[in-house]
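So you can see what is in the structure, the chains are spelled out below.
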Amino acid sequence: MEKKQIGFELTIFNNIEELSQTEQKLLTDAEKARENAYSPYSNFKVGAAVLLENGEVVIGNNQENSSYPSGLCAERVAVFQAGAIYPGVTIKTIAISATSKDYVVDKPAGPCGNCRQSIIEYEQKQKSPISILLRGEVGPIYKCDSMAHILPLAFSSSFLSDS
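First, a word on scope: everything that follows refers to the structure included in this document. (Residues numbered from 1 in each chain as written. Predicted model: local features only at pLDDT ≥ 70, side-chain atom pairs only at ≥ 80, totals over all residues. Heavy atoms only, no water.)

**Focus on the nonpolar core**
Next, step 1: Counting residues in each nonpolar core, the largest one holds 24 residues, and the members touching the most others are Val-50, Val-79, Ile-91, Ile-94, Ile-96 and Ile-132.
Next, step 2: Other than its neighbours up to four places away in sequence, Ile-94 contacts Leu-26, Ala-48, Ala-49, Val-50, Glu-75, Val-79, Ile-119, Ile-130, Ser-131, Ile-132 and Leu-133. (Core = buried A, V, L, I, M, F, W, Y, C linked by side-chain atoms within 4.5 Å. Buried < 20%, exposed > 50% of the residue type's maximum accessible area, 1.4 Å probe, protein only. Contact = heavy atoms within 4.5 Å.)

**Points about the pattern of salt bridges**
Next, step 1: Scanning the model with the defined rule gives five salt bridges in all.
Next, step 2: Here Lys-143 and Glu-23 are joined by a salt bridge, their closest N and O atoms 2.5 Å apart. Here the residue Lys-143 occupies a position in strand β6 (residues 141-144), and Glu-23 occupies one in helix α1 (residues 21-34), the gap between them amounting to 120 residues. Here the two residues Lys-143 and Glu-23 agree in accessibility, since each one is buried.
Next, step 3: With a closest N to O distance of 3.1 Å, Arg-34 and Glu-35 form a salt bridge.
Next, step 4: By relative accessible area, which is 9% here, Arg-34 ends up buried.
Next, step 5: Residue classification places Glu-35 among the partly exposed positions, given a relative accessible area of 42%. (Salt bridge = Lys/Arg side-chain N within 4 Å of Asp/Glu carboxyl O. Helix = DSSP H or I, 4+ residues; strand = E, 2+ residues; numbered from the N terminus.)

**Overview of the packing of aromatic side chains**
Within a pair of aromatic rings, the relevant descriptors are the distance that separates the centres and the angle that separates the planes.
Next, step 1: Under the defined criterion, the tally for this structure stands at one aromatic pair.
Next, step 2: Taken together, a centroid distance of 5.2 Å and an interplanar angle of 15° make the contact between Phe-155 and Phe-159 stacked. (Phe/Tyr/Trp six-rings, centres within 6.5 Å; stacked < 30°, edge-to-face > 60°.)

**Describing a nonpolar patch on the surface**
Next, step 1: Together, Phe-8, Leu-10 and Ile-12 line one region of the surface with nonpolar side chains, adding up to about 260 Å² of accessible area.
Next, step 2: Tracing the sequence through the fold places Leu-10 in the segment before β1 (11-13). (Patch = residues over 30% accessible without salt bridge, like charges linked within 9 Å, V, L, I, M, F, W, Y side chains within 5 Å. Areas by Shrake-Rupley, 256 points an atom, 1.4 Å probe, with all protein chains shown as cover.)

**Description of helix α2 (residues 74-85)**
Next, step 1: For α2, which comprises twelve residues, the first-to-last C-alpha distance of 16 Å matches the rise-based estimate of 16 Å (1.5 Å per residue) to within 8%.
Next, step 2: Those residues of α2 lying buried are Ala-74, Glu-75, Arg-76, Ala-78, Val-79 and Ala-82.
Next, step 3: Taken together, the buried residues of α2 touch β2 (44-52), β3 (57-61), β4 (91-100) and α3 (113-126). (Expected span 1.5 Å × (residues − 1).)

**A word on the side chain of Arg-135**
Next, step 1: Within the secondary structure layout, Arg-135 lies in strand β5 (residues 131-135).
Next, step 2: Exposure remark for Arg-135: the relative accessible area of 14% places this residue in the buried category.
Next, step 3: In terms of polar contacts, Arg-135 uses its side chain to reach the backbone carbonyl oxygen of Gly-139, at 3.3 Å.
Next, step 4: Once residues within four sequence positions are removed from consideration, Arg-135 is found in contact with Ile-16, Leu-27, Glu-31, Ile-96, Ser-97, Ala-98, Pro-108, Pro-140 and Ile-141. (Polar contact = N/O pair within 3.5 Å; in protein donor to acceptor, adjacent residues only side chain to side chain.)

Following this line, the structure appears as structure tokens:
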């Protein structure tokens, strides 16, 4: 038997001014996107902004539905939209920001499992990491250099064939 510990490195920023100008703008774009989220059931608004290698920024926000599981998270809206509008263009960074109508979100909310799997699929497809910026409406900002760090035992297409 062998035991191993799997972990990852995370950079924590105390305020937005500590980020690069590009990261500041991307996080601000995510915050603006979250304001247009459709979240009448959870009252939890999430915005995402994806920075592409060509400099374009694609936004998304959560879209709920009364048939609860059929809604879509902000991260997947942004990543899928980027893939649809700019196929083959590398995703460099995704910024995610969350707020609630019911309380102050003072810590970063990480992507759900479905979003992690969707983002890592793009990392695998493009063969380069996607950095992640996470923030609540106030408080610290977390930065991780790759979704593979957050999802270390990810499922991939390699499991779907024997070659």
